[in-house]
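Letter by letter, the chains look like this.
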Amino acid sequence: MRVTTRLFCLGASVLLAVAGQTGAAGARGLPDTYVVSRAPGVLPEGIAVARDGTVYVSSDGTGRLFRGHVGDPELRPFAARGIDDRTSTLGVHTDRRGRVYSVGGASLTVHDERGRLLARRTAEDGPLGTADLNDLVITRDAVYVTDWANPVVHRAELRHGRLGPLRPWLDIRGANPRFPARYWLLNGIVADREGGTLLVASNGTEALWRVDTSSREVEQVRLDDESFGADGMVLRGRTLYAVINYGAPSGVYVAELSQDLRTGAVRHRITGEPFDLPTTLARHGCRLYVVNSQLDDPPGEPPYTVSAIADPSCPRTA
């Protein structure tokens with residue numbers, strides 16, 4: 001979920017979604033804004049919200065992790081052991097057991113809810129050099145990780161809850177051999193419920209790519225020929241939630257995909273306020289939690305925040 005330096009369509013964006021999104025998000029008494037940190041230089045990047053409402057946010061600026069709850073507007077440092085040497089942490093996700101997976105640099109780590117380090121895996125160098133891990137998705141039998149510096153998806157097997165070695169699994173250049181290898185810039189990654197299909201975002205190609213995990217076949221997802229070089233993403237059934245901050249106005253885009261996840265159309269666009277260069281998002285209930293990274297103007301200005309908005313695809317209740 002790293003942001004390319006070639007972007008930023010800010011300021012002139014207009015709120016295109018349903019009016020009153022921010023107010024709707026707090027209708028049940030939950031905060032509209034969450035403070036990740038008031039310390040300088042944190043630059044939040046990734047986010048995960050567990051089933052019980054626990055929120056984890058990563059820091060691109062320091063490598064630390066922060067933890068809170070959807071009912072509390074203030075997050076606090078999460079004492080994740082064994083990552084003191086990691087100066088940047090990007091993707092963060094939780095599994096059904098509440099374990100916290102995160103990536104930064106060339107390392108993938110797993111922590112329990114108390115911050116104890118359960119596993120650490122280091123990615124091998126790719127065809128262009130040292131790995132720069134960006135985002136991850138957890139399936140029933142594996143963890144798949146994108147590499148910002150190499151056109152590679154890495155994979156670590158999950159067997160009985162144990163994490164295997166992290167190895168290069170797919171060189172995605174075969175999907176478009178004419179595209180320069182160094183500009184693939186792989187970013188967000190999600191999987192369907194069965195783990196048989198991955199969707200991988202590429203900032204460089206401004207496209208979304210569908211990967212069959214059995215055959216490793218790769219094809220571009222057709223979204224009405226729109227630029228869709230997403231950063232972070234969430235897939236819920238056939239609804240894809242994505243943050244775009246390059247190639248289109250910066251904000252949250254919600255697309256409805258076909259049953260086979262090969263085609264789709266953007267149904268909602270939420271741009272402009274209340275965001276400050278969003279990088280990714282998480283979904284909990286009928287709310288979307290969007291990270292305001294400030295990565296367009298590092299080190300940014302504290303406080304660093306997450307904005308909560310109503311999910312425009314949720315059924316509306318009286």
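Coordinates for the structure precede this section.
Structure report, in brief.

Thresholds, definitions, all that
- Residues numbered from 1 in each chain as written.
- Predicted model: local features only at pLDDT ≥ 70, side-chain atom pairs only at ≥ 80, totals over all residues.
- Heavy atoms only, no water.
- Pairing = 2+ DSSP bridges.
- Helix = DSSP H or I, 4+ residues; strand = E, 2+ residues; numbered from the N terminus.
- Phe/Tyr/Trp six-rings, centres within 6.5 Å; stacked < 30°, edge-to-face > 60°.
- Buried < 20%, exposed > 50% of the residue type's maximum accessible area, 1.4 Å probe, protein only.
- Salt bridge = Lys/Arg side-chain N within 4 Å of Asp/Glu carboxyl O.
- Disulfide = S-S within 2.5 Å.

Across a regular strand the side chains alternate sides, sitting on one face of the sheet and then on the other. Note: strand E3 (residues 54-59) against strand E4 (residues 65-69), 5 bridges, orientation antiparallel. If you follow Val 57 over to E4, its bridge partner there is Phe 66. Where E3 folds back onto E4 in an antiparallel hairpin, the turn is made up of 5 residues, including Gly 63, whose phi is positive at roughly 85 degrees. In the sheet, E4 pairs with strand E5 (residues 76-78) via 3 bridges, with the strands oriented antiparallel. Bridge pairing links Leu 65 to Phe 78 in E5. Count of turn residues in the E4/E5 antiparallel hairpin: 6 residues.

Further remarks concern the packing of aromatic side chains. In this structure the tally under the stated criterion is 5 aromatic pairs. Judged by centre distance (5.7 Å) and plane angle (55 degrees), the rings of Tyr 34 and Tyr 289 are tilted. With a gap of 255 residues between them, Tyr 34 in strand E1 (residues 33-37) and Tyr 289 in strand E23 (residues 287-292) connect regions that are remote in the sequence. Per residue, the accessibility class of Tyr 34 equals that of Tyr 289, and both read buried. Where Trp 184 meets Trp 209, the ring centres are 5.4 Å apart and the plane angle is 55 degrees; that geometry is what we call tilted. Remark: Trp 209 occurs in strand E16 (residues 207-212) and Trp 184 occurs in the loop between strand E13 (162-171) and strand E14 (186-191); sequence separation between them is 25 residues. For the pair Trp 184 and Trp 209, one class covers both residues: buried.

Glancing now at unusual backbone geometry. For the bond running from Pro 298 to Pro 299, omega is 5 degrees, close enough to zero to count as cis. Position of Pro 299 relative to the elements: it lies in the loop between E23 and strand E24 (304-310). Each neighbour pair has its own omega, and for Pro 302 with Pro 303 the value is 0 degrees, a cis peptide bond. Along the polypeptide, Pro 303 turns up in the loop between E23 and E24. Even without glycine at this site, His 160 takes up a positive phi of about 55 degrees. Along the chain, His 160 turns up in the loop between strand E12 (152-159) and E13. For Glu 206, which is not glycine, the phi dihedral falls at a positive 55 degrees. Along the polypeptide, Glu 206 turns up in the loop between strand E15 (197-202) and E16. Look at Glu 206 and you get partly exposed, because its relative accessible area is 26%.

Where charged atoms from two side chains of opposite charge approach closely, those side chains can pair. For the structure shown, the criterion picks out 14 salt bridges. The shortest N-O distance in the salt bridge between Arg 114 and Asp 112 comes to 3.8 Å. For Asp 112, a relative accessible area of 10% translates into the label buried. Notably, a salt bridge pairs Glu 226 with Arg 269, separated by 2.5 Å at the nearest N-O pair. Residue Glu 226 is located in the loop between strand E17 (218-220) and strand E18 (233-236), and its partner Arg 269 is located in strand E21 (residues 264-271); the two are separated by 43 residues in the primary sequence. Residue class for Arg 269 comes out partly exposed when judged on its relative accessible area of 29%. One connected set of salt bridges, linked through shared partners, spans Arg 210, Glu 219, Asp 260 and Arg 262.

In this structure the tally under the stated criterion is 1 disulfide. Shown here is the disulfide that connects Cys 286 with Cys 314, its sulfur atoms set 2.0 Å apart. Judged by the torsion about the S-S bond (-90 degrees), the Cys 286/Cys 314 disulfide is left-handed. In this pair, Cys 286 sits in the loop between strand E22 (278-284) and E23 while Cys 314 sits in the segment after E24, placing the two residues 28 residues apart along the sequence. On the basis of relative accessibility, which here comes to 35%, the residue Cys 286 falls in the partly exposed class.

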